[in-house]
Structures are given as C-alpha cells and as structure tokens.
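Listed below, chain by chain, are the residues.
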Amino acid sequence: MTPLDQSPAARVEPEPVTALSGVGPALAEKLARLSVHSIRDLLFLLPLRYEDRTRLVEIGALRPGMRVTVEGEVELSEVVIRRRRMLLCQLADGTGFVLLRFFHFSRNQAAGLRRGTRMRCFGEVRLGTSGMEMVHPEYRRLAPGETPPLDETLTPIYPSTEGLQQKRIHRLVEAALARIDAEPPADLVPAEVLADLGLPSLLDALCYVHHPPRDADQALLEQGTHPAQQRLAFEELLAHQLSLRLLRQRIREHVAPAMVSGGSLLPRFLNALPFQLTGAQRRVLDEILVDLAEPRPMLRLVQGDVGSGKTVVAAAAAVRAVEAGLQAAIMAPTELLAEQHLRSFRGWLDPVGVTVSALTGRLGAADRRTALEQIGSGQAGVVIGTHALFQAGVEFARLGLVIIDEQHRFGVHQRLALTEKGEDGELRPHQLVMTATPIPRTLAMASYADLDTSVIDELPPGRGQVTTVAIPDSRRSEVTARVRKACAEGRQAYWVCPLIEESEQLQYQAAEDTATALADALGELRVGLVHGRMKGADKESVMSRFKAGEVDMLVATTVIEVGVDVPNASLMIIENAERMGLAQLHQLRGRVGRGRDDASCVLMYHPPLGQGAERRLRTMRETTDGFRIAEEDLRLRGPGEVLGTRQTGAMQMRVADLMRDQALLPRIRKAADRMLAEQDPAVAALLERWIGDAARYGKV
Ligand code: ADP
Ligand code: MG
C-alpha cells in the first residue's frame, strides 16, 4: 500500500466555497473555473502580481510603465475632439504635471473635474505626445483638506475569469484568511527542509503573499523569488514530483516479462546493420537491455539530439523483445513518420526474419483485418503505427515492449492508455519513450520524474557541417538560384512552406502554389509536393521517390518537421522562418546534414523582424546544438510550451516556474525520496492540495 490509500487527509471533504455567505451556485461555478472549490482553495489562489497603493508618488518622478497613485489639482480641463471625443485634464502637484485622458465620460464627470478640483488617481503612466499621461485612471475627488488614508499593504491582483471582479475575489480571499488562525492549513513540507532553505512556514507564507507589507521587496515579488513565494513553489513542485513518482511506483508494482539475454537474434541484427552503433548508442542500448531483463516494467526516456540515431536503438530493443518471444509496438506521432519507421524497420529486420506489421488510421478494411490478425496471432513481432495502435479492437498476442517516438506530442494519458493495452493478467509491458526535445538535466528530473533517463550525446561519425543563413524574402530569387545549383550538383532540397494557422485550406493552397511556381522557375528540376491533406499512399509515394533520388526538391508543409530521414538531402529552405518556434526550426533543420556532404539551411524571413524572431534566428545561426537551442527555447517560451505539457495540463503550475525555480529541484527530489520511503501521510495531502483531480495519476 502506498500513502495515498492510507492517509485520512485525502478523504476529509474540505468545506465548499458555497459555505461562505454570498456565494451561490453561479459564483461557485465561476470560482471552479479558477480551480477554487473549497474555502481552503481560496488560500491557494495566488496573486499574479501586485499594485502599490501604499504611497503617493510625486508627479515629477513619474516614468512610463509605473502603476502608481498621484495626488494634485486640476489646472486645465477640456473636452476636445481629435479622432475621438475625449476629456483631457492636466493634473499638477508642484513637482510636475500629468495629463489624464478619458474617452468615456458623462457630462457630470466632465463638470466634476473642472479647474481647481483636487483629486487622487491611480493608473499606469505612459509617455504621450505632450509628456506623461494616464489613460482612464481610477480616481476620487478630494474635498478641501481631505487626505484619505493610503493602503497599508500591497494590493494583490488575482487570476480571474469572465464576470468575476477583483473586488469580489479580494473579499472572498479575505473571508478565507479570516479563518486561517482557527483552522490553519497543515504544514506539509518537512520542517528541517524549510529550515535548511531558510523558507517560512506555510501560514506565514500565505499571509505574506496575500498581504505583502508596504516595505516588501517588490522586485522579488514581481519575479516570484520572494521567500514566501519560494516556500509555495517548493511545495507545489514537491507535489508534482510526488505525483509522478507515485505513478512510477504504481506501474513498477506490476510484473513485466523479463527478457533475459542469450538469444542470437540481437547479435545477428547488430551485425547486419550497414553501420556500427556509436559509443553513445551502445551505452544507451545496454541501459535498456538491463531494464528489459528485469521482471518489472521499464520506464525509460531516451533523449538525443536530432539525427543522433534514436530509431536504430529502438529497433534493437524491439529485437530483444522478439528474441524473448514477445512483441514490440512502436507508436509514432504522424502517419508520415510511421511509414518511414516501417521502411527503416523492414530494411533492418527482414534480413533477420522478423515480421513487421503496420497499423495506421489509413489502412483499408482488408489490410486492417490482416494486420489485426498478425498482431493477434503473434505472427507480427514488431508493430508500427500511430494512435490507431491503441484503439479498441487491437489485441496483441503477447506485447512485451511499447516504444513511443517523439514523445512531446503525446500526453501522459496516452502513454498510459498504451501500456494498459499490453496488460495481460498481471503482466505489463516495458515502456521506452524517445524524445527529440533535449532538455536540461534538472528539468528532465522534474518533468519526467516517472522515467529513468538515457542520453545519446554523440552524433554518428562522418556527418557534414550545417551552415545556416537568414535571408529576407525580397531575395527569394537568389534562394531559388541556390536550389538550382545544388540540385544540378546532384543534391536534394527541401522547401518548407509557411504555416498558416488560421486556415488549413490556405496552408495547402500555399504549398501547392509554391510547388507550381518553383516547378515553373526551375523547369529542369523534378519537384515533389507533400502536405498533410494528401492521401497516405500519395504521400508515401512522393516520399519514397524523394528518398530514391527521383525527386530533386520536395516542397512540403511542416508535416516533415518530425523525424523524416533522407540522408542525400542537403539543402533546407524554410519560408517565413520568423513565425516558427526554435524547437520547430531545429527539427526542420535536422532533416539535412544527415549524410557526408556539408549542408545548408536558409531561413527566409519577412521583415521587419520582431525582437523574439530576431533572437530565434540569431540562435539558429549561432548553434546547431539541440541542448543549447532547447535552453534558449525554454527561456523564450517557458517549459509548459516546450515540453508540450501545457495542452495536456499535466504540468500546469500555480506558483512554481520550472525554469526560475530550477535551483530548488535537487532538494525537492531528496525530500520526495524521503517522504516516499517513510510513507509520509503528508504525501496524499500534498497531492490533494496542489494536484487535485490530477491525483488520479498516482492511482494507476
Ligand atoms: P533521430 O535520432 O533524429 O531519430 P534517426 O534515428 O532518424 O535520428 O537517425 C538518423 C540517421 O542516422 C538515419 O539515417 C540512421 O540510419 C543513421 N544512423 C543511425 N545510427 C548510425 C550510426 N551509428 N552510424 C551511421 N549512421 C547512423
Ligand atoms: Mg527520430
């Protein structure tokens, strides 16, 4: 039994928000959108930022971007009509003046702000045409001699949702805080850990973040690095770590078929390969083989940069499964990739007599029946497919190993669904996950805490260099000339068309137009086209002609982003590169430089470049190292996007930020180790508090 079952804390129903006066079903429904269900949850609804309404700022000291309170006298007030009708007031306090600009105002309001009126305003300062101004500040008029008190604490701004005002949220949080002394939330982080890190108790941390004192270090609060926030971030990251580790524990309690070595199939397979494994591939394969020999499900992640040769390592693992009399399933994120794997695997496995079957969404009824038969009878040793692999009706004879390629496209749920497929009484298959998004070690430790990690940190020998240039699209004809020259020399090229997010239809249209225009411009070249809407068979036929060298240039949408492998292609043109993310650009560029020839990548962009785009293109020019690119990508986009977990919701954090709080991770891992070993009842309570519904990850 794990702590999750034992703890009474997990079963105590917290008091619902509706127990607060004035909270009816409609309000409760809005709060639920913020994951607030109980009164306790309100304490953990944490401010996004703060406003300082504790002091008056001299108008002469205003700078653009400040959000501040000022007080002064109206010196000038007039309604003007420029492009729109507006009320302009000039407010002065003896140190300077600021212009207040109102677009919506009543006649009464305008009259109330006449010359000589004293007022206090709160708003954001910006630089207008005639100096500092505030647009629609909050304001109150002051009677002669009136000086209302300022706030004593910083004002938290909470996450909100439509129809829920800050004022309302404030009142609710206050109500929850009013009960905090009577029913303090349990401190679930071991006290000595907090002492070690110099972090405050939960109670202090919560009170602080909801009511930071006037003299609080605003810069720290802004960055989220104040000890009170770090205290909460620590707890949240710990909860995530625990949920993943419990998930792992649960899976590892199952029995998996132990694939002990001794057969001759794997050595024959390795001997028949057209190349030798690199040292890194060999080492990672050995790590996998050790796991596979154990009677517990392997849970291993293989990281490796684009082109490091993950596929053949996966194939070798699959061969070990077959050698042990079991089946292996490989799941790819796209049909194109499944088809390519099918070709590679058949090329490697036919010579050693292993049957490879395919199961994709596009199979005709008869082919599907055949495939299902082969899978069900065990005749197929290796099965390659897309999501179709884990649809109902797919029965494996004896699935021993599940391999998931390019994992960032799948969520945790999908991964679990696939292992349940192999469940055969008590037996669970081994799981191997291959990802092409290299991520820094500490981050991997946090986001894949349920997996052991292997890294292929070496590229196969004899790879050419890839040179990258960025060129404005006004010089398109030069780029075309370059393609002509490269192809005349017997090389092959990719031309990637822009992603048009608003419309799939437009996207395909653009690809078709580009292919036609290029075919016209490069009359002597054989131009192929592949995009997501083509029939699988057509796609495959274009791809195999490209692979066979019968097509010189492949015009494609970003469907080729992941995994496509044609070593002779050495020129990559990417249109509208400024719109693409770093991970995607790196993946696309990874399609070239796979052979001996030096390769080049042309990033065409449409000027002017924004700051982010400029930085991305510069990074691409400066390095081809996937780990460096991933780090930069993490800085620019944040881990939720990069790890692809944002959509799956698995890693959504309320206070913590994996990048910012990386330094806490080793300590978090240690704390998690200990709490799990001691079956600390706080584990269940932490999951309940921070993960909520997602706690079921731990119940697999
Ligand atoms: P990725 O890690 O990006 O999935 P692939 O598995 O597609 O990379 O491998 C890239 C290319 O390198 C393929 O053509 C593959 O056959 C080749 N390859 C893999 N391992 C080696 C090796 N040890 N020596 C030479 N070529 C290799
Ligand atoms: Mg790959």
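The preceding data block contains the structure.
In this text, all values refer to a predicted model and were calculated from it rather than measured experimentally.

### Things to note about the packing of aromatic side chains
The geometry of an aromatic ring pair comes down to the distance between the two centres and the angle between the two planes.
So, step 1. Applying the stated criterion across every chain, the model contains four aromatic pairs.
So, step 2. Ring plane angle 80 degrees and centroid distance 5.3 Å describe the contact between F44 and W690, whose orientation is recorded as edge-to-face. Taken together, the residues span a long stretch of sequence, with F44 in the loop between helix 3 (39-43) and strand 1 (49-51) and W690 in helix 25 (residues 682-690) at a distance of 646 residues. The same class applies to F44 and to W690, which are both buried.
So, step 3. Their ring planes at 65 degrees and their centres at 5.1 Å tell us that Y494 and F546 sit as a pair that is edge-to-face. With Y494 in strand 17 (residues 492-496) and F546 in helix 19 (residues 536-547), this residue pair connects regions lying 52 residues apart in the sequence.
So, step 4. Taking the relative accessible area as the measure of exposure, Y494 reaches 0% and is therefore buried.
So, step 5. By relative accessible area, which is 0% here, F546 ends up buried.

### Some thoughts on the site of ligand 1
So, step 1. As a matter of local geometry, ligand 1 sits amid 16 residues, with Q276, G307, T311, R463 and D565 nearest to it.
So, step 2. Separating a nitrogen atom of ligand 1 from a side-chain N or O atom of Q281 is a distance of 2.9 Å.
So, step 3. Relative to its unbound accessible area of 570 Å², ligand 1 is 87% covered by the protein chains.
So, step 4. Residues that form the shell around ligand 1 fall into these classes: four nonpolar, seven polar and five charged.

### Re the sheet that holds strand 9 (residues 299-304)
So, step 1. Here we have seven strands laid out as an open sheet, ordered 11-12-10-13-14-9-15, and parallel in their pairing. Taken across any chain shown, the strands that pair with only one partner, and hence form the sheet edges, are strand 11 (356-359) and strand 15 (452-456). Looking at each pair of strands side by side, their axes are set apart by 20 degrees on average, direction ignored.
So, step 2. Where strand 9 meets strand 14 (residues 430-435), five bridges bridge the pair, whose relative direction is parallel. Looking across to strand 14, one finds that Q303 is bridged to T435.
So, step 3. Each of strand 9, strand 13 (399-405), strand 14 and strand 15 is contacted by helix 11 (residues 279-292), which is oriented at about 155 degrees to strand 15, the strand it contacts most.

### Quick word on the state of the cysteines
So, step 1. Evaluated as defined, the whole model comprises zero disulfides.
So, step 2. Unpaired in terms of disulfides, C89 finds its nearest cysteine sulfur in C121, a separation of 8.5 Å.
So, step 3. A residue is classified by how much of its surface remains accessible, and C89, at 0% relative accessible area, is buried.
So, step 4. Using a relative accessible area of 1% as the deciding quantity, one classes C121 as buried.

### Digging into the sheet that holds strand 19 (residues 553-556)
So, step 1. The strand order across the open sheet formed by six strands is 16-21-20-17-19-18, and the pairing between neighbours is parallel. Edge positions in the sheet fall to strand 16 (466-472) and strand 18 (527-530), since each of these pairs with one other strand and no more. Strand-to-strand, the axes of this sheet are offset by a mean angle of 20 degrees, without reference to chain direction.
So, step 2. The sheet contact formed by strand 20 (residues 569-574) and strand 21 (residues 599-605) spans four bridges and is parallel. Its bridge partner being in strand 21, L571 is matched across the sheet by S600.
So, step 3. Seen against the sheet, helix 20 (residues 582-589) touches strand 16, strand 17, strand 20 and strand 21 and runs at an angle of roughly 150 degrees to strand 20.

### Quick notes on helix 22 (residues 626-637)
So, step 1. Between its terminal C-alpha atoms helix 22 stretches 16 Å, which fits the 16 Å expected from 12 residues at 1.5 Å a residue.
So, step 2. Capping the start of helix 22, D625 holds a side-chain oxygen 2.8 Å from the backbone nitrogen of F627, two or three residues further along.

### Comments concerning the pairing of strand 14
So, step 1. Most of strand 14 is tucked away, with six of its six residues classed as buried.
So, step 2. In this structure, strand 13 lies alongside strand 14, joined through five bridges in parallel fashion. Across the sheet, I404 pairs through a bridge with V433, a residue of strand 14.

### A closer look at helix 5 (residues 166-178)
So, step 1. Given a rise of 1.5 Å per residue, 13 residues ought to cover 18 Å, and the 18 Å separating the end C-alpha atoms of helix 5 matches this to within 8%.
So, step 2. Those residues of helix 5 not exposed but buried are I169, H170, L172, V173, A176 and L177. On an axial view of helix 5, the arc spanned by its buried residues comes to 170 degrees, and they lie on one face. Those residues of helix 5 that are exposed and angled more than 90 degrees off the buried face are K167, R171 and A178.
So, step 3. As for helix 5, its buried residues are in contact with helix 2 (25-32), helix 3, strand 8 (155-157) and helix 7 (202-210).

### Quick look at the nonpolar core
So, step 1. Counting residues in each nonpolar core, the largest one holds 64 residues, and the members touching the most others are L232, F234, L238, L242 and W690.
So, step 2. Ranked by residues supplied to this core, first place goes to helix 9 (residues 227-252) with nine residues.
So, step 3. Those residues within four positions of L232 in sequence are excluded, and the remaining contacts are L46, L202, A205, L206, V209, V655 and W690.
So, step 4. Membership of the second largest hydrophobic core comes to 46 residues, among which are M259, L266, A280 and V382.

Cut-offs and rules
Residues numbered from 1 in each chain as written. Chains lettered and ligands numbered in written order. Predicted model: local features only at pLDDT ≥ 70, side-chain atom pairs only at ≥ 80, totals over all residues. Heavy atoms only, no water. Phe/Tyr/Trp six-rings, centres within 6.5 Å; stacked < 30°, edge-to-face > 60°. Helix = DSSP H or I, 4+ residues; strand = E, 2+ residues; numbered from the N terminus. Buried < 20%, exposed > 50% of the residue type's maximum accessible area, 1.4 Å probe, protein only. Near = heavy atom within 4 Å. Polar contact = N/O pair within 3.5 Å; in protein donor to acceptor, adjacent residues only side chain to side chain. Areas by Shrake-Rupley, 256 points an atom, 1.4 Å probe, with all protein chains shown as cover. Nonpolar A, V, L, I, M, F, W, Y, C, P; charged D, E, K, R; others polar. Pairing = 2+ DSSP bridges. Axes fitted to C-alpha atoms, helices over the stretch in contact; angles between N-to-C directions. Contact = heavy atoms within 4.5 Å. Disulfide = S-S within 2.5 Å. Expected span 1.5 Å × (residues − 1). Arc of directions from axis to C-beta. Core = buried A, V, L, I, M, F, W, Y, C linked by side-chain atoms within 4.5 Å.

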